[in-house]
Amino acid sequence: MMEWLQEFPKMSRGDLREMRQSLDGAFKEFTGKYGESIEAAFDPIKEFLIFLEHILINSPWPIILAVLVGIVFAMSRNVKITIGSLVALCVIGYLGMWEDTMRTIAMVTVCTMLAIVLGIPLGILMARSDRIQSIINPVLDLMQTMPSFVYLIPVVMIFGIGKVPGMIAVVIYAIPPMIRLTNLGIRLVDQDVLEAADAFGSNSWQKLTNVQLPLALPTIMAGVNQTIMMALAMVVVAALIGVKGLGQPVLNAIANQYLTMGVMNGLAIVAIAIIFDRATQAYGKRLQKHSEVIHG
Amino acid sequence: MAEATGIEIKSLYKIFGPNGKDMVKLVQDGMSKAELNEKHNHVLGLNDINISMPGGKIEVVMGLSGSGKSTLIRHINRLIDPTAGEVLYGNDDVCKMSQTELREFRRHKTAMVFQKFALLPHRTVMKNTVYGLEIQGVPMKEAEERAARWIARVGLEGFEDHYPNQLSGGMQQRVGLARALTNDADILLMDEAFSALDPLIRMDMQTVLLDLQEELHKTIVFITHDLDEALRLGDKIAILRDGAVIQQGTGQEIVLNPADEYIADFVKEVNRGRVILVDTVMDKSKTLEGGLTVSSGIMLEEAAKTFAETGQGEISVVNGEGKPLGVLNVQDTISAMVTPASH
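Everything numeric in this text was worked out from a predicted model, so none of it was measured.

Parameters at a glance
- Residues numbered from 1 in each chain as written.
- Chains lettered and ligands numbered in written order.
- Predicted model: local features only at pLDDT ≥ 70, side-chain atom pairs only at ≥ 80, totals over all residues.
- Heavy atoms only, no water.
- Helix = DSSP H or I, 4+ residues; strand = E, 2+ residues; numbered from the N terminus.
- Rg over C-alpha atoms; globule rule 2.2 N^0.38 Å.
- Buried < 20%, exposed > 50% of the residue type's maximum accessible area, 1.4 Å probe, protein only.
- Contact = heavy atoms within 4.5 Å.
- Areas by Shrake-Rupley, 256 points an atom, 1.4 Å probe, with all protein chains shown as cover.
- Lys, Arg positive; Asp, Glu negative; His and termini not counted.
- Charge placed at Lys NZ, Arg CZ, Asp CG, Glu CD.
- Domains from an automatic or database assignment.
- Buried area = accessible area lost by both parts, 1.4 Å probe.
- Polar contact = N/O pair within 3.5 Å; in protein donor to acceptor, adjacent residues only side chain to side chain.
- Nonpolar A, V, L, I, M, F, W, Y, C, P; charged D, E, K, R; others polar.
- Pairing = 2+ DSSP bridges.
- Axes fitted to C-alpha atoms, helices over the stretch in contact; angles between N-to-C directions.
- Parallel < 35°, antiparallel > 145°, perpendicular 65-115°, else oblique.
- Left-handed = near helix turned anticlockwise from the far one by under 90°.
- Salt bridge = Lys/Arg side-chain N within 4 Å of Asp/Glu carboxyl O.
- Patch = residues over 30% accessible without salt bridge, like charges linked within 9 Å, V, L, I, M, F, W, Y side chains within 5 Å.

A. Representation of the overall build of chain B within the structure. Broken down by element type, chain B carries 15 helices and 13 strands. Radius of gyration (C-alpha) of chain B: 23 Å, near the 20 Å computed for a compact globule of 343 residues. If one aligns the C-alpha atoms of chain B with their principal axes, the spans along those axes are about 65 × 55 × 35 Å. Taken over 343 residues, chain B has a buried fraction of 51%. Sequence-distant contacts in chain B: of pairs separated by 6 or more residues, those separated by 24 or more amount to 66%. As presented, chain B carries roughly 15,300 Å² of accessible surface, and 48% of it is formed by carbon and sulfur atoms. In chain B, 36 positive and 49 negative side-chain charges are present, and the distance between their average locations comes to 5 Å.

Shown next as structure tokens:
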């Protein structure tokens, strides 16, 4: 008679199965109907990724090496960081990981660009309205905590296996800091300066471009940096759904217990992460040059 | 430049809270700030403000913190929306302007200087100074030419490419002033503009402002909590307390006839020699032929200097054309400077 206390009351097995089947069925139907057009919509991005990969892999390596190191120097203006990057890339190439590394760099670059292009406007919207913030915030929480394998299921159902689902998975995982930090940066802008902008008759676009974005820039740059780091962290997961790059040898190493191979590719990911991180941080700092010299 | 237009503030109320409009009636019927806060949880910001700010003059609004002076100045360019009342600039009611009209009004008719400077930290002195013109859409070349003139005028020549962080507080506020002047607006709103500066720099900036006003004749609204500053700058002074005007008039009127104990307390420590005019103290029934003269409209302190330097006991006060208006003697001058004249 106390049976209902012993075990949590639950749906019958049959009902549960039915519910799952009908939801799965509905989604499959949706995929069948719209899958192709959704996939087509992502074609330009895919083309761009393939194009970038092609350039990085098929150009003579000394040119690519010079360009990459050149970019690092242009951003950081720091000899130490530049030499470090040069050495790291040379070691990576010498250990036979050049092509995989180029694929990963292409992937991370495109994903970061996507995250910035989508994330900054969303962050701005969020900063403008408390209501939008209260809607987007839980979605971001969901994106950051939901195990990535779960949202890979529908993505793979629509796109199959390959670059596009990989990119979507990476962007979903990497975009939240971009959005959050843009929002935070704009909300933290000094109210006095905003009031001054108002007093001189700025419209909201002028306020955004003259005051809010420039003053939020350090925070936004921190968001870019975080996004790059998180995109790199997803490389192995993306490899699971067929994205080539440094992730695949890692998966291979796990499956076959190749310790050295795993460690080498893992370290290559770390090396790229450090290069990206130092270069973007130094760049962000350089943009804030004006705030360093304080009147004594 | 044509004479600047004045500002008329009429029956202005500001009540902070969700139902401010409904509370105006209660305040008009005599409910106090404390009572309103306690019973209805609304804050009385401004209570029936009527001030006529003459064009081309400096109107000082003085009060201690919480008196509503910063709220008041923000009604003139409507950075804060009023609950009831009118702010008239010529025939236009600022409170009735649409968003677009208001933006145009702010761009072309007003300029503001802030207590905390509120400069754009990522812009150089020059780029900060052209801000108002940039917003108006003035071509950058012309804007920079106009800005350069004001940068030089406030004494910052050679600092055009510095960032605000590289400047001292006084210099930063000079940038704030140059930014406001470059706008070439009729109305200059100064919200405790010099309060964050140390005393010597503050005196310095007051002098800069007075010199500028001598040639510009803008309608300046100056907010301060410092009575000495108010007396030095103000052609007219309004004293605010708990959101209401408790006295307005010239500095001399306020010092000589404080409206209540509160103001009397305030003016007790004032250097009267710098507030009271010789015209107020002189004996108008007499005139002196020849001898020493001082001009009408100067302060007692200056007359006292003349007495001290010459050792005379009597001076003739004359107007601009040299016509004698009355006689000032040492005795009266000294007593007017040290004792409350009336009460």
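Here the narrative resumes.
B. Representation of the domain arrangement of chain B in the model. Residue and element names in this part refer to chain B. As far as domains go, chain B holds domain 1 (7-109 + 185-270) and domain 2 (273-338). The gap between the C-alpha centroids of domain 1 and domain 2 is 34 Å. Contacts between the two partners involve 6 residues from domain 1 and, on the opposite side, 4 residues from domain 2. Of the roughly 410 Å² buried where domain 1 meets domain 2, counting both sides, 72% is carbon and sulfur surface. Together, Gln252, Val255 and Leu256 form the three largest contributors to the area buried by domain 1 at its contact with domain 2, with a combined 79%. Counting the contacts that link domain 1 with domain 2 gives 2 residue pairs in polar contact (both at pLDDT 80 or more). It is helix α11 (residues 251-256) that contributes the most residues to the side of domain 1 that touches domain 2, 4 residues altogether. Counted by class, the side of domain 1 that touches domain 2 contains 4 nonpolar, 2 polar and no charged residues.

C. A look at the sheet that holds strand β11 (residues 293-295) of chain B. Residues and elements named next belong to chain B. Taken together, the 3 strands give an open sheet; going across it, the order is β11-β12-β13, and neighbouring strands pair in mixed fashion. In this open sheet, the two strands that pair with only one neighbour each are β11 and β13 (324-329). If you compare each strand with its neighbour and ignore which way they point, the axes differ by 35 degrees on average. In terms of strand pairing, strand β12 (residues 314-318) meets β13 through 5 bridges, oriented antiparallel. Each bridged residue has a counterpart across the sheet, and for serine 316 the counterpart in β13 is valine 327. Against the sheet, helix α14 (residues 300-310) contacts β11, β12 and β13, and its axis sits at roughly 140 degrees relative to β12.

D. The arrangement of the packing of helix α4 (residues 61-76) of chain A against helix α14 (residues 259-287) of chain A in detail. Residues and elements named next belong to chain A. The interhelical angle for the contact between α4 and α14, taken along N-to-C directions, is 30 degrees, at an axis separation of 7 Å. In contact with Val72, Ala74, Met75 and Ser76 of α4, α14 contributes Ile275, Ala279, Thr280, Ala282, Tyr283 and Arg286. The class makeup of the residues in the contact of α4 with α14 is 7 nonpolar, 2 polar and 1 charged.

E. Seen up close, the packing of α4(A) against helix α5 (residues 79-94) of chain A. Residues and elements named next belong to chain A. At a minimum axis separation of 9 Å, α4 and α5 run at an interaxial angle of 155 degrees. As the angle between them shows, α4 and α5 are arranged roughly antiparallel. Remark: the crossing between α4 and α5 carries right-handed chirality. Every residue of α5 that contacts α4 at Leu65, Leu68, Val69, Val72, Phe73 and Ser76 is listed here: Ile81, Thr82, Ser85, Leu86, Leu89 and Cys90. Its residues assigned to classes, the contact of α4 with α5 shows 9 nonpolar, 3 polar and no charged.

F. Quick look at unusual backbone geometry. Residues and elements named next belong to chain B. Its identity is not glycine, yet phenylalanine 117 carries a phi of approximately 70 degrees, on the positive side. Structurally, phenylalanine 117 can be placed in the loop between β6 (110-113) and α5 (125-129). Unlike most non-glycine residues, aspartate 184 shows phi in positive territory, near 55 degrees. Here aspartate 184 lies in the loop between α8 (169-182) and β7 (187-191). Accessibility expressed as a relative area gives 44% for aspartate 184, which makes it partly exposed.

G. Spotlight on the interface of chain B and chain A. Contacts between chain B and chain A engage 29 residues on the former and 21 residues on the latter. Inspection of the chain B/chain A interface yields 2 salt bridges. The salt bridge partner of A:Asp192 is B:Lys116, with a shortest N-O separation of 3.8 Å. Across the chain B-chain A interface, the total number found is 8 residue pairs in polar contact (both at pLDDT 80 or more). Put simply, the parts of the chain that give the side of chain B that touches chain A at least two residues each are α4 (99-108), β6, α6 (131-136) and α8 of chain B. In terms of residue count, the dominant contributor to the side of chain B that touches chain A is α6(B) (4 residues). Residues belonging to the side of chain B that touches chain A are distributed by class as follows: 13 nonpolar, 8 polar and 8 charged.

H. Spatial organisation of a nonpolar patch on the surface. Together, A:Phe73, A:Val79, A:Ile83, A:Val87, A:Val91, A:Tyr94 and A:Leu95 line one region of the surface with nonpolar side chains, adding up to about 710 Å² of accessible area. Considering every element that reaches the nonpolar patch, the biggest residue donor is α5(A), with 5 residues.

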